[in-house]
Amino acid sequence: KQEVTQIPAALSVPEGENLVLNCSFTDSAIYNLQWFRQDPGKGLTSLLLIQSSQREQTSGRLNASLDKSSGRSTLYIAASQPGDSATYLCAVSPRNDMRFGAGTRLTVKP
Amino acid sequence: NAGVTQTPKFRILKIGQSMTLQCAQDMNHNYMYWYRQDPGMGLKLIYYSVGAGITDKGEVPNGYNVSRSTTEDFPLRLELAAPSQTSVYFCASTQGVEQYFGPGTRLTVT
(Lines give C-alpha, C1' and ligand atoms only; values in the text may rest on other atoms or scores of the structure.)
Protein backbone atom coordinates (compact mmCIF):
# COMPACT_ATOMS: atom_id res chain seq x y z
CA LYS A 1 0.00 0.00 0.00
CA GLN A 2 1.35 3.39 -0.99
CA GLU A 3 2.10 5.67 1.99
CA VAL A 4 3.02 9.32 1.53
CA THR A 5 4.78 11.26 4.28
CA GLN A 6 5.58 14.95 4.43
CA ILE A 7 8.16 16.48 6.72
CA PRO A 8 8.03 18.86 8.47
CA ALA A 9 4.36 19.10 9.42
CA ALA A 10 4.75 22.83 10.01
CA LEU A 11 7.42 25.37 9.17
CA SER A 12 7.81 29.05 10.02
CA VAL A 13 10.43 31.17 8.29
CA PRO A 14 11.22 34.90 7.91
CA GLU A 15 10.49 36.54 4.60
CA GLY A 16 13.22 36.16 1.99
CA GLU A 17 14.47 32.75 3.09
CA ASN A 18 14.88 29.87 0.70
CA LEU A 19 13.23 26.70 1.96
CA VAL A 20 12.72 23.03 1.16
CA LEU A 21 9.66 20.89 1.77
CA ASN A 22 10.04 17.13 1.75
CA CYS A 23 7.79 14.34 0.54
CA SER A 24 8.53 10.62 0.70
CA PHE A 25 6.58 7.66 -0.66
CA THR A 26 6.89 3.94 -0.07
CA ASP A 27 6.21 2.48 -3.53
CA SER A 28 8.36 3.76 -6.38
CA ALA A 29 5.92 2.47 -9.04
CA ILE A 30 4.23 5.80 -9.68
CA TYR A 31 3.00 7.53 -12.82
CA ASN A 32 3.52 11.05 -11.55
CA LEU A 33 3.88 13.25 -8.49
CA GLN A 34 2.03 16.50 -8.01
CA TRP A 35 2.54 19.38 -5.56
CA PHE A 36 -0.50 21.39 -4.49
CA ARG A 37 -1.10 24.51 -2.48
CA GLN A 38 -4.12 24.79 -0.18
CA ASP A 39 -5.18 28.04 1.47
CA PRO A 40 -7.32 27.84 4.64
CA GLY A 41 -10.91 26.86 3.82
CA LYS A 42 -10.13 26.59 0.12
CA GLY A 43 -9.63 23.91 -2.49
CA LEU A 44 -6.33 22.72 -3.94
CA THR A 45 -4.31 24.56 -6.54
CA SER A 46 -1.84 22.57 -8.60
CA LEU A 47 1.70 24.00 -8.46
CA LEU A 48 3.89 21.50 -10.25
CA LEU A 49 3.50 18.05 -11.76
CA ILE A 50 6.45 15.74 -12.37
CA GLN A 51 5.88 12.72 -14.58
CA SER A 52 7.67 9.50 -13.67
CA SER A 53 10.18 9.91 -16.50
CA GLN A 54 11.16 13.42 -15.36
CA ARG A 55 13.59 14.51 -12.63
CA GLU A 56 12.35 18.02 -11.92
CA GLN A 57 9.97 20.82 -12.86
CA THR A 58 10.25 24.55 -12.35
CA SER A 59 7.70 27.34 -12.20
CA GLY A 60 8.83 30.81 -11.19
CA ARG A 61 10.31 30.62 -7.67
CA LEU A 62 9.28 26.97 -7.28
CA ASN A 63 11.34 23.94 -8.19
CA ALA A 64 10.25 20.36 -7.55
CA SER A 65 12.50 17.33 -7.89
CA LEU A 66 11.70 13.65 -8.03
CA ASP A 67 13.90 10.68 -7.15
CA LYS A 68 11.79 7.58 -7.75
CA SER A 69 14.48 5.12 -6.70
CA SER A 70 14.70 6.61 -3.21
CA GLY A 71 10.98 7.45 -3.03
CA ARG A 72 11.50 11.15 -2.43
CA SER A 73 10.49 14.52 -3.79
CA THR A 74 11.40 18.01 -2.65
CA LEU A 75 9.72 21.34 -3.27
CA TYR A 76 12.16 24.25 -3.20
CA ILE A 77 10.76 27.75 -2.69
CA ALA A 78 13.17 30.59 -3.37
CA ALA A 79 12.99 34.02 -1.73
CA SER A 80 9.87 33.20 0.28
CA GLN A 81 7.12 35.83 0.64
CA PRO A 82 4.24 36.20 3.14
CA GLY A 83 1.87 35.32 0.27
CA ASP A 84 3.48 31.88 0.16
CA SER A 85 1.89 31.06 3.53
CA ALA A 86 -0.36 28.04 2.97
CA THR A 87 -0.41 24.27 3.33
CA TYR A 88 1.58 22.40 0.70
CA LEU A 89 0.47 18.89 -0.22
CA CYS A 90 2.24 16.32 -2.31
CA ALA A 91 0.40 13.47 -4.00
CA VAL A 92 1.52 10.45 -6.01
CA SER A 93 -0.42 8.60 -8.66
CA PRO A 94 0.16 4.86 -8.58
CA ARG A 95 -2.64 4.04 -11.02
CA ASN A 96 -5.91 5.83 -11.67
CA ASP A 97 -6.07 7.29 -8.18
CA MET A 98 -3.92 9.66 -6.16
CA ARG A 99 -2.45 9.26 -2.65
CA PHE A 100 -1.83 12.37 -0.59
CA GLY A 101 0.50 13.30 2.21
CA ALA A 102 -0.87 15.19 5.22
CA GLY A 103 0.83 18.40 4.12
CA THR A 104 3.31 20.95 5.42
CA ARG A 105 1.81 24.13 6.87
CA LEU A 106 4.11 27.00 5.88
CA THR A 107 4.10 30.41 7.53
CA VAL A 108 6.29 33.16 6.10
CA LYS A 109 6.66 36.07 8.51
CA PRO A 110 7.11 39.64 7.20
CA ASN B 1 -14.09 28.99 -17.59
CA ALA B 2 -15.93 27.10 -14.81
CA GLY B 3 -13.59 24.08 -14.43
CA VAL B 4 -14.83 21.84 -11.58
CA THR B 5 -17.88 23.04 -9.66
CA GLN B 6 -19.36 21.64 -6.45
CA THR B 7 -22.65 22.26 -4.68
CA PRO B 8 -23.52 22.93 -1.93
CA LYS B 9 -20.60 24.74 -0.29
CA PHE B 10 -21.82 23.99 3.22
CA ARG B 11 -24.36 21.58 4.68
CA ILE B 12 -25.43 20.40 8.11
CA LEU B 13 -27.13 17.00 8.32
CA LYS B 14 -28.73 15.13 11.16
CA ILE B 15 -27.64 11.55 11.84
CA GLY B 16 -29.48 9.16 9.53
CA GLN B 17 -30.38 11.75 6.90
CA SER B 18 -29.30 11.35 3.30
CA MET B 19 -28.00 13.81 0.74
CA THR B 20 -26.24 14.10 -2.59
CA LEU B 21 -23.14 16.20 -3.17
CA GLN B 22 -23.02 17.48 -6.72
CA CYS B 23 -19.91 17.74 -8.88
CA ALA B 24 -19.66 18.88 -12.49
CA GLN B 25 -16.79 19.62 -14.85
CA ASP B 26 -16.83 21.32 -18.25
CA MET B 27 -13.39 20.18 -19.48
CA ASN B 28 -14.59 16.93 -21.06
CA HIS B 29 -12.38 14.94 -18.68
CA ASN B 30 -12.91 11.19 -18.52
CA TYR B 31 -11.51 10.72 -15.01
CA MET B 32 -13.35 12.09 -11.97
CA TYR B 33 -12.72 11.60 -8.26
CA TRP B 34 -14.25 12.18 -4.85
CA TYR B 35 -11.99 12.80 -1.86
CA ARG B 36 -12.58 13.64 1.77
CA GLN B 37 -10.23 15.70 3.91
CA ASP B 38 -10.37 15.49 7.68
CA PRO B 39 -8.79 18.26 9.81
CA GLY B 40 -4.98 18.26 9.62
CA MET B 41 -4.94 15.34 7.22
CA GLY B 42 -4.34 14.77 3.57
CA LEU B 43 -7.06 13.76 1.16
CA LYS B 44 -8.40 10.23 1.03
CA LEU B 45 -10.01 8.81 -2.10
CA ILE B 46 -13.64 7.71 -1.73
CA TYR B 47 -14.64 6.74 -5.28
CA TYR B 48 -13.44 7.42 -8.76
CA SER B 49 -14.67 7.04 -12.32
CA VAL B 50 -12.72 6.52 -15.55
CA GLY B 51 -15.65 7.36 -17.78
CA ALA B 52 -19.43 7.49 -18.05
CA GLY B 53 -20.96 4.33 -16.63
CA ILE B 54 -17.74 3.17 -14.93
CA THR B 55 -17.02 3.69 -11.23
CA ASP B 56 -14.69 2.07 -8.71
CA LYS B 57 -13.96 2.19 -4.98
CA GLY B 58 -11.09 4.12 -3.48
CA GLU B 59 -9.55 3.90 0.00
CA VAL B 60 -12.64 4.84 2.07
CA PRO B 61 -15.86 3.97 0.16
CA ASN B 62 -18.01 2.72 3.04
CA GLY B 63 -21.14 4.80 3.60
CA TYR B 64 -21.04 6.39 0.12
CA ASN B 65 -22.33 5.67 -3.35
CA VAL B 66 -21.66 7.25 -6.73
CA SER B 67 -23.00 7.19 -10.25
CA ARG B 68 -21.64 8.52 -13.55
CA SER B 69 -24.38 8.76 -16.16
CA THR B 70 -22.68 11.57 -18.12
CA THR B 71 -19.09 12.70 -18.69
CA GLU B 72 -19.80 16.02 -16.96
CA ASP B 73 -21.44 14.94 -13.69
CA PHE B 74 -20.27 12.75 -10.82
CA PRO B 75 -22.61 12.97 -7.79
CA LEU B 76 -21.71 11.47 -4.40
CA ARG B 77 -24.54 10.04 -2.31
CA LEU B 78 -24.62 9.63 1.49
CA GLU B 79 -27.50 7.33 2.43
CA LEU B 80 -27.42 7.26 6.25
CA ALA B 81 -25.28 10.12 7.48
CA ALA B 82 -23.03 9.41 10.48
CA PRO B 83 -20.86 11.79 12.56
CA SER B 84 -17.77 10.08 11.12
CA GLN B 85 -18.71 11.55 7.75
CA THR B 86 -18.17 15.09 8.99
CA SER B 87 -15.46 16.31 6.65
CA VAL B 88 -14.65 18.48 3.67
CA TYR B 89 -15.38 16.78 0.37
CA PHE B 90 -13.47 17.57 -2.79
CA CYS B 91 -14.26 16.55 -6.33
CA ALA B 92 -11.52 16.45 -8.96
CA SER B 93 -11.13 15.63 -12.63
CA THR B 94 -8.31 14.88 -15.02
CA GLN B 95 -7.67 13.77 -18.55
CA GLY B 96 -4.90 11.50 -17.29
CA VAL B 97 -2.18 13.75 -15.90
CA GLU B 98 -2.79 16.91 -13.87
CA GLN B 99 -5.78 16.88 -11.53
CA TYR B 100 -8.12 19.87 -11.19
CA PHE B 101 -10.05 20.33 -7.97
CA GLY B 102 -13.38 21.89 -7.07
CA PRO B 103 -13.71 24.33 -4.13
CA GLY B 104 -15.08 21.68 -1.75
CA THR B 105 -18.22 20.99 0.27
CA ARG B 106 -17.99 21.32 4.06
CA LEU B 107 -20.34 18.76 5.62
CA THR B 108 -21.22 18.49 9.30
CA VAL B 109 -23.25 15.56 10.65
CA THR B 110 -24.71 16.07 14.14
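Up top is the structure these notes are about.
Residues numbered from 1 in each chain as written. Chains lettered and ligands numbered in written order. Predicted model: local features only at pLDDT ≥ 70, side-chain atom pairs only at ≥ 80, totals over all residues. Heavy atoms only, no water.

Here we look at the sheet that holds strand β1 (residues 4-7) of chain B
All names here are of chain B. Pairing is antiparallel in the open sheet, where four strands are placed in the order β1-β3-β8-β7. Lying at the two open borders of the sheet, with one neighbouring strand each, are β1 and β7 (64-66). Within this sheet the neighbouring strands show an average axis-to-axis angle of 20°, counted without direction. Relative to strand β3 (residues 19-25), β1 runs antiparallel, the two sharing four bridges. Bridged to Thr 5 within β3 is Ala 24. (Pairing = 2+ DSSP bridges. Helix = DSSP H or I, 4+ residues; strand = E, 2+ residues; numbered from the N terminus. Axes fitted to C-alpha atoms, helices over the stretch in contact; angles between N-to-C directions.)

A look at the state of the cysteines
Taken as a whole and assessed by the stated rule, the structure comprises two disulfides over all chains. Disulfide pairing is shown between Cys 23 of chain A and Cys 90 of chain A; the S-S distance is 1.9 Å. Between Cys 23 of chain A and Cys 90 of chain A, the S-S dihedral sits near 70°, and the bridge is therefore right-handed. Within this pair, whereas Cys 23 of chain A is found in strand β3 (residues 19-25), its partner Cys 90 of chain A is found in strand β9 (residues 86-93), the two being separated by 67 residues in sequence. With respect to burial, Cys 23 of chain A and Cys 90 of chain A carry one shared label: buried. The disulfide partner of Cys 23 of chain B is Cys 91 of chain B, and the gap between their sulfur atoms is 1.8 Å. Every disulfide takes its handedness from the sign of the S-S torsion; for Cys 23 of chain B and Cys 91 of chain B that torsion is -70°, giving left-handed. Here Cys 23 of chain B, found in strand β3, pairs with Cys 91 of chain B, found in strand β9 (residues 87-94); they are 68 residues apart in sequence, far enough to count as distant. Among the residues examined, Cys 91 of chain B registers a relative accessible area of 0% and is labelled buried. (Disulfide = S-S within 2.5 Å. Buried < 20%, exposed > 50% of the residue type's maximum accessible area, 1.4 Å probe, protein only.)

Considering the interface of chain A and chain B
Between chain A and chain B, the contact holds 21 residues from the first and 21 residues from the second. Summing both partners gives a buried area of about 1,500 Å² for chain A against chain B, and 55% of it is carried by carbon and sulfur. Our count for the contact surface shared by chain A and chain B stands at one salt bridge. One salt bridge connects Glu 59 of chain B with Arg 99 of chain A, and the closest N-O pair in it is separated by 3.7 Å. Those elements giving two or more residues to the side of chain A that touches chain B turn out to be β4 (32-38), β5 (44-51) and β10 (99-100) of chain A. (Contact = heavy atoms within 4.5 Å. Buried area = accessible area lost by both parts, 1.4 Å probe. Salt bridge = Lys/Arg side-chain N within 4 Å of Asp/Glu carboxyl O.)

Notes on the side chain of Gln 99 of chain B
One can find Gln 99 of chain B in the loop between β9 and β10 (100-101). In this structure Gln 99 of chain B comes out as buried when scored by relative accessible area, which is 3%. One polar contact links Gln 99 of chain B to Tyr 35 of chain B, side chain to side chain, over a distance of 3.2 Å. When residues no more than four places from it in sequence are discounted, the contact partners of Gln 99 of chain B are Gln 34, Phe 36, Ser 46 and Met 98 of chain A together with Tyr 33, Tyr 35, Ala 92, Ser 93 and Thr 94 of chain B. (Polar contact = N/O pair within 3.5 Å; in protein donor to acceptor, adjacent residues only side chain to side chain.)

Comments concerning the nonpolar core
With 22 residues, the main nonpolar core has Phe 25, Leu 33, Trp 35, Leu 75, Ile 77, Tyr 88 and Leu 106 of chain A as its most contacted residues. Sorting the residues of this core by element identifies β3, β4, β5, β7 (62-67), β8 (72-77), β9 and β11 (104-109) of chain A as the ones contributing at least two each. When residues no more than four places from it in sequence are discounted, the contact partners of Phe 25 of chain A are Gln 2, Glu 3, Val 4, Ile 30, Leu 33, Leu 66, Asp 67, Lys 68, Gly 71, Arg 72, Ser 73 and Val 92 of chain A. Ranked by size, the runner-up nonpolar core spans 19 residues in total, among them Trp 34, Phe 74, Ala 81 and Tyr 89 of chain B. (Core = buried A, V, L, I, M, F, W, Y, C linked by side-chain atoms within 4.5 Å.)

Structural notes on the sheet that holds strand β6 (residues 56-59) of chain A
All names here are of chain A. Read from one edge of the open sheet, five strands run β1-β3-β8-β7-β6, paired in antiparallel fashion. The sheet is open, and its two edges are formed by β1 (4-7) and β6, each paired on a single side. Neighbouring strand axes in the sheet, compared pairwise and without regard to direction, differ in orientation by 15° on average. Where β6 lies against β7, four bridges are found, and the strand directions are antiparallel. Bridged to Gln 57 within β7 is Ala 64.

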